[in-house]
Structures are given as C-alpha cells and as structure tokens.
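The primary structure of each chain is shown beneath.
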Amino acid sequence: MKTTLGERLTDWSISGFMWGFRILIVFIVVAGTFFTLQSGKYTGEQWIDFIVFGVSQGSIYALIALGYTMVYGILRMINFAHGEIFMSGAFSAYFLATWLNTIGFVDANPVLGLLIPILFAMFMSACIAMLVERVAYRPLRNAPRLVPLISAIGASFFLQYTFRGFFGPGVYAYPPIKALEGEWVIFGVGILKVQIIVAVAAALIMALLYIIVMRTKLGKAMRAVSEDKDTAALMGIDVNRIIVSTFAIGAAMAGAAGVLYALIYRQVNFFMGFTPGIKAFTSAVLGGIGNIPGAMLGGLVLGVFESIGPALFLDGLGIIRPYQLKDAIAYTMLVMILLFRPSGILGERLTSKKA
C-alpha cells in the first residue's frame, strides 16, 4: 500500500517519540539507581526488607491475577468484577475471624485460626463468582465482546454497593493473630512473621492450582476448552461445567488473597478490591494474560518493583516523597515491558482465532 509523505513523517515522529520515551525512562532508572546506591542511605537489611515485603505483596497480586488470566484464557473476556470477588472473600472472612478471635479460638489454635477463615473466604468468593457467571456472563456468551465487558463493570459496581449497603462505608479492623506478631531472624535479618506466612501460603496455593491445571482431568478439560470450545464439546467435555469451575477456582484464589491482604494491612472495606484488582490485572498483562505461570511471575515482579522501585530509582534523584509515586513506577514499568515485549513476559502470540 502506498503511503504519503505526511503519513511517513507522522510514523517517524511517533516512532521517534516512543524511542525517546524509552531512553528517558532507562536513563532515569540507571541514574536514580546509581545515585541512590552511591549515597548509602539504605542498609542491606533495609533492602532485604523491601524485597521481602515486595514478595509478600506480589504474592497477593499473583493470586488475584490468576483469576483474571484463567477467565481470559477460557472466555477471552476481562472479568472486571474480580476485584470485588477478592473484596467479598476478605469481608466474609472478617466476620468469621472476628468471632473466632472473640471466643479465643485463634489464640488457642493459630494454625486453624488462620486456615479456617482462608477456606471460608475461598468458598464464599467461589459461590459469588459462580452466581455472577450465571447471571451476568453466561447469557451474554455469544454477544459482541463489548457487551460482557460492560456487564462485568456493572457486576463490579453491584457487588461494591451491595456490601456498602449491608455493612456501611466504614473500615473494619481485621482481628490480629498473636502468633503472627513479631519477627523471625533469618540469616541475621529480622523479617516480619506475617510477611513470611503470606508469601509461603500464597506459594502453596499457587502450587496447588498449578497441579490442578496441569495434572488433573479437570485441568486438562480447562486447557482443552481454552484451546477450542467447539472441539472440546465434540470430545464430550461439558463446556459450561468447565467454565463455571474456572470461575470458581479463580475466585477461590482471590478469596484466599483477600484474607492474606487483610493480614498485612489489617483492614477491610467495601472499596478494598479496586486498587489490588487493577494491580492484579496489571500483573496478568505483565506476565502474559492467559498464561498461568505468567500471572504468578507478573504479580511477583510488580510487587517487588513497587516495593523497591521508589527508594531505588527516585530517592537518589532528590525526590522528597518517592513512595507517593510507587503506583506511577508500577504502571511505567508495565508500559516499558509491553513496549519491548507486547505479549508480556511469558505471553505467547495469539492466533487470530484466539485474539
């Protein structure tokens, strides 16, 4: 196709701007890192603390991101209500954990006191997600893509304001678990117990999910439906059951993440799903949406960059409150990675049928 000189100049200008943007960001990162490390403002223990917090936070993003990527992998749609599924799990567990704490069960049995709210949150989130799928998504499965997207946004607002209507706009303090207070000293470095427990619990849950997807009949059916729903149906797979199972499993991951999030930040409210939901969606895109290991990796990368980035990249440049810009760093990193690798870190190029 022939192009005019004006179109070529426009393309060159845009290309030049994009390369200039990339070079500017790389220069800021390199210069900021150099000056920060040269200043010696942070000790080695502080850097380790940043990384551990980033891993625990990133683990939560990864758990939520799994729901986004699983639903996208099987239906090619973005479930924007997933952040509220995460919120509903945390909110449900809050009431159970408060009651268990009041009767002294948590102090007497800290492991069960942690495990029971997590399982309850997973169950509640899975139930709500299956209900949302049945009411808001299944009737629109063959509609144009924009329609279920709008439906997902509507479901998100419905859940937010339903919880606000029932429980009010206030912030609820998640009950403490005494066994998780304090630090463990590992290789001479004190690390908060709750951060270690959150990272380990998230890793175990993600490993369990990976085994389900890769080693079970249900996982094989999910992968088959993800490849081609019509062919999977011809092979005897109940597509509707597999889609519902995918929603339930992804939501259960989000419910567990809700309790882990409440353990770190010690609060729940009706709006708590918005920001972690956006960050988790970012993680899913960063890792390669539709790719389960990619969602896990994307969450961890985002969490670590968000934790360590403000101090490492901006402190050395003289910015007074670098942590106010942690979200800007996270999204800038997303843009940079997608500029160099549009399919994400572990993403694959989609065929025209899948895209």
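Residues numbered from 1 in each chain as written. Predicted model: local features only at pLDDT ≥ 70, side-chain atom pairs only at ≥ 80, totals over all residues. Heavy atoms only, no water.

## Looking at a positive patch on the surface
Applicable threshold: Patch building starts from residues that exceed 30% relative accessible area and form no salt bridge, then joins like charges within 9 Å and nonpolar side chains (Val, Leu, Ile, Met, Phe, Trp, Tyr) within 5 Å. In this description, accessible areas are obtained by the Shrake-Rupley approach with a 1.4 Å probe, and a residue is regarded as covered only by the protein chains that are shown. Only one rule defines a salt bridge in this text: a Lys or Arg side-chain nitrogen within 4 Å of an Asp or Glu carboxyl oxygen. Only four residue types enter the tally: Lys and Arg on the positive side, Asp and Glu on the negative side; His and the chain ends are excluded. The atoms used to mark charge sites are NZ of Lys, CZ of Arg, CG of Asp and CD of Glu. Helix and strand definitions follow DSSP, with helices as H or I runs of at least four residues and strands as E runs of at least two, each counted in order from the N terminus. Three labels apply to residues, based on accessible area from a 1.4 Å probe with only protein chains included: buried if under 20% of the type maximum, exposed if over 50%, partly exposed otherwise in between.
Together, R215, K217, K220 and R223 line one region of the surface with positive charge. Take the positive patch: its biggest share by element is three residues, from helix α8 (residues 217-227). Structurally, R215 can be placed in helix α7 (residues 193-215). For R215, a relative accessible area of 69% corresponds to the exposed category.

## A few points about the side chain of N79
Note the cut-off: Distance and chemistry together define a polar contact, namely a pair of N or O atoms within 3.5 Å, with one atom able to donate a hydrogen and the other to accept it when in protein, and with adjacent residues in sequence counting only for side-chain atoms on both sides. Contacts are residue-level and defined by heavy atoms, with any inter-residue pair within 4.5 Å sufficient.
Topologically, N79 is positioned in the loop between α2 (44-75) and α3 (82-102). Separated by 2.5 Å, the side chains of N79 and Y137 make a polar contact. Aside from chain neighbours lying at most four places away, what touches N79 is Y68, V71, Y137, A152 and F247.

## Here we look at helix α13 (residues 326-340)
Just so we agree on the cut-off: A helix's residues, less one, multiplied by 1.5 Å, set its expected span. The arc in question is the one spanned by the directions pointing from the helix axis to the C-beta atoms.
Taking 1.5 Å per residue as the helical rise, α13 with its 15 residues ought to reach 21 Å, and the 21 Å between its terminal C-alpha atoms agrees with that figure. Within α13, the full set of buried residues consists of I329, A330, M333, L334 and M336. All buried residues of α13 fall inside an arc of 165° around its axis, so they share one side. Looking at the buried positions of α13, the neighbouring elements they touch are α1 (5-39), α11 (274-287) and α12 (292-314).

## Quick word on a nonpolar patch on the surface
A contiguous nonpolar surface patch, about 700 Å² in accessible area, is contributed by L24, F27, I28, F34, F35, L317, I319 and L325. Residue placement: L317 occurs in the loop between α12 and α13. Take L317: its relative accessible area is 37%, and that puts it in the partly exposed class.

## Describing the packing of α3 against helix α6 (residues 146-167)
Put simply, the rule reads: Between the N-to-C directions of two axes lies an angle of 0 to 180 degrees, each axis being a line fitted to C-alpha atoms and, for a helix, fitted only over the stretch in contact. In these notes the angle categories are as follows: under 35 degrees is roughly parallel, over 145 is roughly antiparallel, 65 to 115 is roughly perpendicular, and the rest is oblique. Each crossing gets its hand from how the near helix is turned against the far one by less than a right angle, where anticlockwise is left-handed and clockwise is right-handed. Amino acids are sorted into nonpolar (Ala, Val, Leu, Ile, Met, Phe, Trp, Tyr, Cys and Pro), charged (Asp, Glu, Lys and Arg) and polar (every other residue, Gly among them).
Interhelical geometry of α3 versus α6 gives an angle of 25° and a closest axis separation of 9 Å. In terms of orientation, α3 lies roughly parallel with respect to α6. Seen along the crossing, α3 lies across α6 with a hand that is left-handed. Judged by residue contacts, E84, I85, M87, S88, F91 and F95 of α3 engage S156, L159, Q160, F163 and F167 from α6. Residues that form the contact of α3 with α6 fall into these classes: seven nonpolar, three polar and one charged.

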